[in-house]
Amino acid sequence: MDEQLSIFIISDSLGETARAIAKACLQQFPMHEHWKFERFSYINSKELLEKILEQTKDKNVCLMFSFVDDKLAGYAQERCQTEGLVYVDLLTNVIKAMSRVSGLTPLGQPGLLRRLDKKYFKRVEAIEFAVRYDDGKDPRGILKADLVLLGISRTSKTPLSMYLADKHLKVVNIPLVPEVPIPRELYQISPKKIIGLTNSIERLSQVRKERLKSMGLSSNANYANRERIFEEVQYAEVVMKQLKCPMINVSDKAIEETATIILEILKNNDL
C-alpha cells in the first residue's frame, strides 16, 4: 500500500485523548506506518473547523473529533456527512449517555482532564521533592523550595513536609542540632519561606523515649535526656530568632492543625 492515509485529530483542547485512542486502534492494522497523524488543537469555532475541512480535499482521511461543545460537535457531523467524509465523534455520545444516567448537565468546558492531570503531576512532583530533601539530605533544595521547616528531632518535620506536599508545596525540612552548623542557604532566602517548629520538653522527652524503645535502645540515652532536650530547644529558638521566622509549638497539635496554621501564614505572606 503506497497511498498515504491520514488521521485528522480535531479537538477543542489539546487532543491528547483522541490521539491516544487513535494510536491504540491503529495497532490493529498491518502496515500502520502508512498512516499520518495530523493534530489540530484548540478548535473552538466553525470558522476554524472549516479551514481544517478544506485540507481534507483529495486525501484519504479519517477525522476524529474530540469536542465537548455539543453545538460544535453537531456542526462537525453535519459538514462531514454533507462532504461524504469518514469521521468519528469520540465524546458526544458518551457525554450524552452519562448525562441521561446521572440526570446532570455536562459542563461543556474543554481541557478539564488536562487541568486535573496538571494538579496530579504537581502533587507528585512536590511529594518527590519532599522525599529527596527530607531531613536536610541536600541543603541545595532550600533554594528551590516553597517552604523550609526547621526544628530539632521529633517536631513533626517529615510528616508535615509530606502533608504539605499533598497540597502541592515543595517543602524542605532541616534538622537543628547544636553541634552542626546550619546551612548557609537559609540566609539566602526570604524569612517568609521559613517556619520554625518547636515542642515542649516534657513531650519531646516522652516521644524520644518511645522512639528509642522502638529501636531496641535504652530510654536513658542522652537523646531523651531532659537537660539535652532543653539545650536543643534553646539553641533552636536562638536560630529561629536570628532567621526572623515564625515559630509554631506543635506539642498539642495534630499534623493537620499545624499544617493549617502554616498555610495561613504563607497566605498572609502572599506566598
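Read on for a plain summary of the structure. Keep in mind that this is a model prediction, so the values were computed, not measured.

1. As for the environment of Ala236
In this structure, Ala236 sits in helix 8 (residues 226-243). By relative accessible area, which is 3% here, Ala236 ends up buried. Taking C-alpha positions, Ala236 is 6.3 Å from Leu176, a pair spaced 60 residues apart along the chain.

2. Re the nonpolar core
Counting 22 residues, the largest nonpolar core has Ile142, Val148, Leu150, Val172, Leu176, Leu186 and Ile194 as the members making the most contacts within it. Secondary structure elements with two or more residues in this core: strand 5 (147-151), strand 6 (171-175) and helix 8. Sort the elements by how many residues they give to this core and helix 8 lands first, with six residues. Ignoring anything within four residues of it in the chain, the contact list for Val172 reads Phe129, Tyr133, Gly141, Ile142, Ala145, Leu147, Val148 and Leu149. Formed by 17 residues, the second largest nonpolar core is a distinct cluster that contains Phe40, Leu63, Leu72 and Cys80.

3. Things to note about the packing of helix 6 (residues 157-165) against helix 9 (residues 255-268)
It is the contact of helix 6 with helix 9, at a shortest axis distance of 10 Å, that shows an interaxial angle of 65°. For the element pair helix 6 and helix 9, the recorded crossing hand is right-handed. Here helix 6 contributes Pro159, Leu160, Tyr163 and Leu164 to the contact with helix 9, which in turn contributes Ile255, Glu256, Thr258, Ala259, Ile262 and Leu263. Looking at the contact of helix 6 with helix 9 residue by residue, the classes come out as eight nonpolar, one polar and one charged.

4. Thoughts on the pairing of strand 1 (residues 5-11)
A large share of strand 1 lies buried, amounting to seven of its seven residues. Where strand 1 lies against strand 2 (residues 35-40), six bridges are found, and the strand directions are parallel. If you follow Phe8 over to strand 2, its bridge partner there is Glu38. Where strand 1 lies against strand 3 (residues 60-66), seven bridges are found, and the strand directions are parallel. Looking at the pairing, Leu5 lines up with Asn60 of strand 3.

5. Let's talk about the sheet that holds strand 5
Strands belonging to one sheet form pairs held by backbone hydrogen bonds; the direction of such a pair is parallel or antiparallel. Spatial ordering of the open sheet is given by 6-5-7-8, a layout of four strands whose pairing is parallel. Of all the strands in the sheet, just strand 6 and strand 8 (247-249) have a single pairing partner and so form its edges. For this sheet, the mean inter-axis angle between neighbouring strands, taken without regard to orientation, is 25°. Taken together, the five bridges between strand 5 and strand 6 define a ladder with parallel strand orientation. Bridging across to strand 6, Val148 finds its partner in Val172. Its contacts with the sheet place helix 8 against strand 5, strand 7 (194-198) and strand 8, and it is angled at close to 160° to strand 7. Here helix 9 sits on the sheet and contacts strand 5, strand 7 and strand 8; the angle it forms with strand 8, its principal contact strand, is near 165°.

6. A short note on the packing of aromatic side chains
Across all of its chains, the model carries four aromatic pairs by this definition. Ring plane angle 45° and centroid distance 6.1 Å describe the contact between Phe65 and Tyr87, whose orientation is recorded as tilted. Pair noted here: Phe65 is in strand 3 and Tyr87 is in strand 4 (residues 86-89), with a separation of 22 residues, a long-range link. The exposure class assigned to Tyr87 is partly exposed, which follows from its relative accessible area of 24%. Taken together through their ring pairs, the aromatic side chains of Phe65, Phe67 and Tyr87 make up a single cluster. Against the face of Phe37 rests Arg19, its NZ or CZ located 5.5 Å from the ring centre. Against the face of Tyr223 rests Arg208, its NZ or CZ located 4.6 Å from the ring centre.

What counts and what doesn't
Residues numbered from 1 in each chain as written. Predicted model: local features only at pLDDT ≥ 70, side-chain atom pairs only at ≥ 80, totals over all residues. Heavy atoms only, no water. Helix = DSSP H or I, 4+ residues; strand = E, 2+ residues; numbered from the N terminus. Buried < 20%, exposed > 50% of the residue type's maximum accessible area, 1.4 Å probe, protein only. Core = buried A, V, L, I, M, F, W, Y, C linked by side-chain atoms within 4.5 Å. Contact = heavy atoms within 4.5 Å. Axes fitted to C-alpha atoms, helices over the stretch in contact; angles between N-to-C directions. Left-handed = near helix turned anticlockwise from the far one by under 90°. Nonpolar A, V, L, I, M, F, W, Y, C, P; charged D, E, K, R; others polar. Pairing = 2+ DSSP bridges. Phe/Tyr/Trp six-rings, centres within 6.5 Å; stacked < 30°, edge-to-face > 60°. Lys NZ or Arg CZ within 6 Å of the ring centre and 35° of its normal.

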